[in-house]
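Chain residues, written in single-letter form:
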Amino acid sequence: MKNIYKIQLIGVGGQGTIKASTIIGEAAMKKGLNVVMSEVHGMAQRGGTVVTEFKIGDADSPLIEEGAADLMIAFEPTEALRAINKVNADTYVIVNRSPIVPFTVSLGISEYPQLSQVFNELGSKIEHLFIIDAQKMAKEAGNIISENMVLLGAACATPNFPISKELIIQSMQENLPPKSLKINLLAFEKGFSEIKKGNN
Amino acid sequence: MKVKEILTEKEGGKLFLLGNEAAVRGALESGVSLVSTYPGTPSSEIGNVFYKIANDAGVYFEFSSNEKVALEVSAAAAASGLRSFVFMKHVGLNVAADSFMSTVYTGVKGGMIVLSADDPSMYSSQNEQDNRIMARLGGIPLLEPSNPQEVKDLMKFGFELSEKYEIPVLMRTTTRISHMRGVVELGPVVKGKEKGFFQKNPGQYVVMPAYAVKMREKLMNKLGMIKEDANHSSLNKTIDMGGKSLGIVTSGGAYNYVMDVVNENDLKVKILKLAFSHPFPEKLVLDFISSVDNILVVEEVEPVMENEILAIIGKNNLDKKVHGKLDGTLPRIYEYNPDIISLGMAKIVDKKIKKREKFVTKLPLPLRPPVLCPGCPHRATSFALKKAIKKLKIKEEDIIYSSDIGCYALAIQEPYKMADYCISMGSSIGIGCGFAKATDQKVISFIGDSTFFHAGMAGLVNAVHNKDNLLLVIQDNRITGMTGGQTNPGTPLDGMGNPAPEVSLEGIAKGSGADFVKTVDPFNMKETEQVFKDALQCNGVAVVITKHPCAMLTDAKNRKKGINIKYFVNQEKCINCMICVKDFTCPAFYIEKDGSVNINPLLCDGCGVCVQVCPKKAIEVKE
């Protein structure tokens, strides 16, 4: 068996999932690791579910086998459930607490479950579950759109994450516009310390 | 990484590239001179990168009006001795097919690569066609990369092969290769020739029957020689995991899944990976299948190699079992992944294949279909048209909405339901003509600016000449929207961002002789509704051009200027009639737990159209 670390990201178009993924991937490359990643472009980005999955280490395909993810970052509560087939009881799962209710719910053609139900369902299956208020922390950092960096910070603080905080920060510097870097770094730190201090 | 680094990063460096970005770098390392395309997912990002770097790279790049034109532009450049690169989505090759087939006959001087990005599972497409079959139909060499590094390397190889045999080369990627990111080691960027020179030779370039019969023979001879190259190419490699009971033949993205499953389960198999797969390397494959007991073919989408292998087995009277799509070991439809390969493998190997438990949830999950963006002019157009139809008391069942490929087809959803028939780029008008002749129903055809330039113009000419009764709505959002915002002939910029003449939609419509032609801004709802009423009552071909920039363009402009207008619902005036939520359906609206209607400031793009929609004037600008 080869040593492969598998990360699943899932969110809604516009939340910055691809940016967060690219930052991790480039950092892994800087560390000299092989990394393969699959991202979604095109129609699915118009308010739809956006999935990126990747494998760091000796793998050829970026697609993660069912139940095989080491880490999942869900940018939205119900999206965590949508990708529940990819995780197992030992997967580290970071979930953003803020729901994004799609228009189909207002129109009455689909249903958004109670948040407590969503979190109970996740909690009943997953041991290392971290539900964090990324929106609040992003606002505190200075801009709500830095949610993705809060979640990235949280992921980086999980025990088996294969890349150092320093390399991730370096990759952020190379991938984010200079004028928003300060806010993004602050957002990252907030997410990082949230997990480190063990709150969930 | 910044996009520019795809051009500027030095030899020996490494970049974390998308397959599509690796194709750009591969072309640059090959000294490409001319690049053309019509945007189509999953190939679009190749063009988006060239748009940004072509000027600096000294490469000519254009968004052609359609794939056929793009292929012709590249073919002529290659005939003039330049290296050219044309790329498109798989169905784009159907549009280009006529010239594609003949360019294989004429051949080229400079290297020419045609890249087709296929879309297994149809993430952004209308069908799942496998363009490896197009390679066989046309008689063109085929390359199938498995990851971004191979995309780049095969581009370089492809140009050399193309020049060696004076034949264009087809590269087939799939969505998972085009949109896969991986570490790519770089070679040096080579500056291409600025200008070529066309040496006249009608016997080579004019496909009149007398010449074409000779070209056909010449092509067969070339393919025979290229087949020998494929038999001996290091791109086609055997990976021996230490066993001979099962030999797996695979290519492209399918290879990655095979390797991950084989490695995880430590399977003792032999693998033949074909990256140079047409002409099919018959001798190499025969040697391989002779060295194993049974064969599994793993390929996306059609059983193309499987059929080739069965033919080889038949031709050589071999007694081998071939597993794949045809015997049901693997599915015939949709893209593969490691789990699908594991399931298939479990049916035919002695070893137990690792199977993990998988969680499922019984909770209902909200549907997130792609929707028109907040501020999208197509929503305003659809709303105004619906209103006009209601006021004229035309019944919905008496209308046929013939839609086309573009964002406006998203009006298929509730409550608009304005897409009854939609098959291909530009088809809305030809289909509309047919319905106008075949029924007494009112035909309304929708098309976008880019799609109209692409393949709609011929339909309009047909409608006018054949005296059809239809309303054509050209939804001119000043850009090619659905593929991410590329320029088109109606945009004042060309494919490299330089100023360019805007081709007039109204001029074309008037020139065609349509009975009614009007341009209107859909954000002016009242006027738009009136124009639609007039157009619907016109007997003959009525063309309404609804002209307003795509919300992506407006949002970008506003961000740059620091404009940040938001609307909100004045709860004292709101009567909860729900017109904004249920009839207009801008996704920025939501209903609070207390039942009140609100606007999400993060989603509101400040277009203000909802103000005109609200009967109680309850929507106001945020101070």
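*Asks:* Just checking my understanding: could you explain the overall build of chain A for this structure?
*Replies:* Across its full length, chain A carries eight helices and six strands. When the helices and strands of chain A are read in sequence order from the N terminus, they spell out β-α-β-β-β-α-β-α-α-β-α-α-α-α. Rg of the C-alpha trace for chain A: 16 Å, near the compact-globule value of 16 Å for 200 residues, within the 12% margin. If you line up chain A on its principal axes, its C-alpha atoms span 50 × 45 × 35 Å. Relative to its 200 residues, chain A shows a buried fraction of 56%. Taking all contacts inside chain A whose residues are at least 6 apart in sequence as the whole, residues at least 24 apart take part in 67%.

*Asks:* Would you take a moment to explain helix α7 (residues 165–175) of chain A for this structure?
*Replies:* Each α-helix turn comprises 3.6 residues. Residues three or four places apart therefore point the same way. All names here are of chain A. Burial in α7 covers these residues: Ile 168, Ser 171 and Met 172. For α7, the angular spread of buried residues about the axis comes to 105°, placing them on one side. Turning to α7, the residues buried within the fold contact α1 (17–30), α6 (147–156) and α8 (181–196).

*Asks:* Sorry, what's going on with the environment of Val 50 of chain A here?
*Replies:* Residues and elements named next belong to chain A. With respect to the helices and strands, the residue Val 50 is situated in strand β3 (residues 49–57). The buried category is assigned to Val 50, around which 25 C-beta atoms lie within 10 Å. Along the primary structure Val 50 and Val 93 are separated by 43 residues, whereas in three dimensions their C-alpha atoms are 17 Å apart.

*Asks:* Mind showing me how you'd approach the domain arrangement of chain B here?
*Replies:* Interfaces are often described in size by the accessible area the parts lose on coming together. By the assigned domains, chain B splits into domain 1 (5–232), domain 2 (237–348), domain 3 (377–557) and domain 4 (564–621). Relative placement of domain 2 of chain B and domain 3 of chain B: their C-alpha centres are 48 Å apart.

*Asks:* I'm lost on unusual backbone geometry in this one. Help?
*Replies:* Note: most residues except glycine have negative phi, and most peptide bonds are trans. Residues and elements named next belong to chain B. Cis rather than trans, the peptide bond between His 278 and Pro 279 has omega equal to 0°. You can see Pro 279 is positioned in the loop between β12 (276–278) and α12 (282–290). For the bond from Glu 414 to Pro 415, the omega torsion is -5°, close enough to zero to count as cis. When you line up the elements, Pro 415 lands in the loop between β15 (399–402) and α16 (427–438). Of note in the backbone geometry, Tyr 334 takes a positive phi value of approximately 70° without being a glycine. With respect to the helices, strands and loops of the structure, Tyr 334 is situated in the loop between β14 (322–323) and α14 (338–348). Overall, Tyr 334 belongs to the partly exposed group, with 13 C-beta atoms counted inside 10 Å.

*Asks:* What's the story with the packing of helix α2 (residues 19–29) of chain B against helix α3 (residues 44–57) of chain B in this structure? I'm lost.
*Replies:* Residues and elements named next belong to chain B. It is the contact of α2 with α3, at a shortest axis distance of 9 Å, that shows an interaxial angle of 35°. Like other packed secondary-structure pairs, α2 and α3 cross with a definite hand, here right-handed. Across the interface between the two elements, Asn 20, Glu 21, Ala 23, Val 24 and Leu 28 from α2 touch Glu 45, Ile 46, Val 49, Phe 50 and Ala 57 from α3. For the contact of α2 with α3, a count of residues per class yields seven nonpolar, one polar and two charged.

*Asks:* Is there a simple way to explain the interface of chain B and chain A in this structure?
*Replies:* Taken together, the contacts link 50 residues of chain B with 57 residues of chain A. At six residues, the largest contribution of residues to the side of chain B that touches chain A is made by helix α11 (residues 252–265) of chain B. Tallied by class, the residues present in the side of chain B that touches chain A amount to 27 nonpolar, ten polar and 13 charged.

*Asks:* Please explain the packing of α1 of chain A against α7 of chain A as it appears in this structure.
*Replies:* Helices that pack against each other are described as a pair by the angle of their axes relative to one another and the distance between those axes. All names here are of chain A. It is at 8 Å that the axes of α1 and α7 come closest, and there the two elements cross at 120°. With respect to each other, α1 and α7 are oriented oblique. Note on packing geometry: the crossing formed by α1 with α7 is right-handed. When α1 is examined against α7, the residues Lys 19, Thr 22, Ile 23, Ile 24, Glu 26, Ala 27 and Lys 30 are found in contact with a partner set consisting of Leu 167, Ile 168, Gln 170, Ser 171, Met 172, Glu 174 and Asn 175. Residues of the contact of α1 with α7, tallied by class, amount to six nonpolar, four polar and four charged.

*Asks:* Explain the sheet that holds strand β2 (residues 34–37) of chain B to me, please; I cannot follow it from the model alone.
*Replies:* Working definition: the strands of a sheet are paired by backbone hydrogen bonds and lie parallel or antiparallel to each other. Residue and element names in this part refer to chain B. Taking strand neighbours across the sheet as the criterion, the seven strands line up as β3-β2-β4-β5-β7-β6-β12 in an open arrangement whose pairing is mixed. Single-partner strands in this sheet number two, and they are β3 (60–63) and β12. Sheet topology places strand β6 (residues 142–143) next to β12; two bridges connect them, and they run antiparallel. In the sheet register, Leu 142 faces β12, and the bridge partner there is His 278.

*Asks:* Where do I start with the pairing of strand β8 (residues 180–185) of chain B in this structure?
*Replies:* Put simply, side chains in a regular strand alternate between the two faces of the sheet. For β8 of chain B, a buried count of five out of six residues is recorded, marking the element as mostly surrounded by other parts of the structure. Relative to β8 of chain B, strand β2 (residues 35–38) of chain A is paired through three bridges, and the arrangement is antiparallel. Paired with Met 37 of chain A across the bridge in β8 of chain B is Arg 181 of chain B.

*Asks:* Teacher, can you tell me more about the sheet that holds strand β9 (residues 237–240) of chain B here?
*Replies:* Residue and element names in this part refer to chain B. One open sheet holds the five strands; their spatial order is β9-β11-β10-β13-β14, and the pairing between them is mixed. Each end of this open sheet is capped by a strand with a single partner; those strands are β9 and β14. When strand β10 (residues 246–250) meets strand β11 (residues 270–273), the two strands line up parallel, connected through four bridges. Across the sheet, residue Gly 247 finds its bridge partner in β11, namely Lys 270.

*Asks:* Hey, could you run me through the environment of Ser 102 of chain B in this one?
*Replies:* Positionally, Ser 102 of chain B belongs in helix α5 (residues 92–106). Sequence separation between Ser 102 of chain B and Arg 216 of chain B is 114 residues; the distance between their C-alpha atoms is 9.9 Å.

*Asks:* Help me out: how do you make sense of the confidence of the model for chain B in this one?
*Replies:* Low-pLDDT stretches of the model should not have their predicted coordinates read in fine detail. Confidence along chain B averages 97 in pLDDT terms, with 100% of residues attaining 70 or more. Across the interface, the model reports ipTM at 0.96; the global pTM reads 0.97.

*Asks:* In this structure, what is going on with the environment of Gly 456 of chain B? I would like to understand it.
*Replies:* All names here are of chain B. Looking at the element boundaries, Gly 456 is found in helix α17 (residues 449–465). Sequence separation of Gly 456 and Asp 404 is 52 residues, and the distance between their C-alpha atoms is 9.5 Å. Excluding anything up to four places from it in sequence, Gly 456 contacts Gly 426, Ile 429, Ile 447 and Thr 451.

*Asks:* Please clarify how α3 of chain B should be interpreted in this entry.
*Replies:* Residue and element names in this part refer to chain B. Look at α3: 19 Å from first C-alpha to last across 14 residues, which is about the 20 Å you get at 1.5 Å a residue. Within α3, the full set of buried residues consists of Ser 44, Glu 45, Ile 46, Gly 47, Val 49, Phe 50, Tyr 51, Ala 54 and Ala 57. The secondary structure elements touched by the buried residues of α3 are α1 (5–8), β1 (14–18), α2, β2, β3 and β4 (84–89). Just downstream of α3, Gly 58 is the residue with a positive phi angle, here 70°.

Criteria and cut-off values
Residues numbered from 1 in each chain as written. Chains lettered and ligands numbered in written order. Predicted model: local features only at pLDDT ≥ 70, side-chain atom pairs only at ≥ 80, totals over all residues. Helix = DSSP H or I, 4+ residues; strand = E, 2+ residues; numbered from the N terminus. Rg over C-alpha atoms; globule rule 2.2 N^0.38 Å. Buried ≥ 20, exposed ≤ 12 C-beta atoms within 10 Å, placed from the backbone. Contact = placed C-beta atoms within 7 Å. Arc of directions from axis to C-beta. Domains from an automatic or database assignment. Axes fitted to C-alpha atoms, helices over the stretch in contact; angles between N-to-C directions. Left-handed = near helix turned anticlockwise from the far one by under 90°. Nonpolar A, V, L, I, M, F, W, Y, C, P; charged D, E, K, R; others polar. Parallel < 35°, antiparallel > 145°, perpendicular 65-115°, else oblique. Pairing = 2+ DSSP bridges. pLDDT = per-residue confidence, 0-100. Expected span 1.5 Å × (residues − 1).

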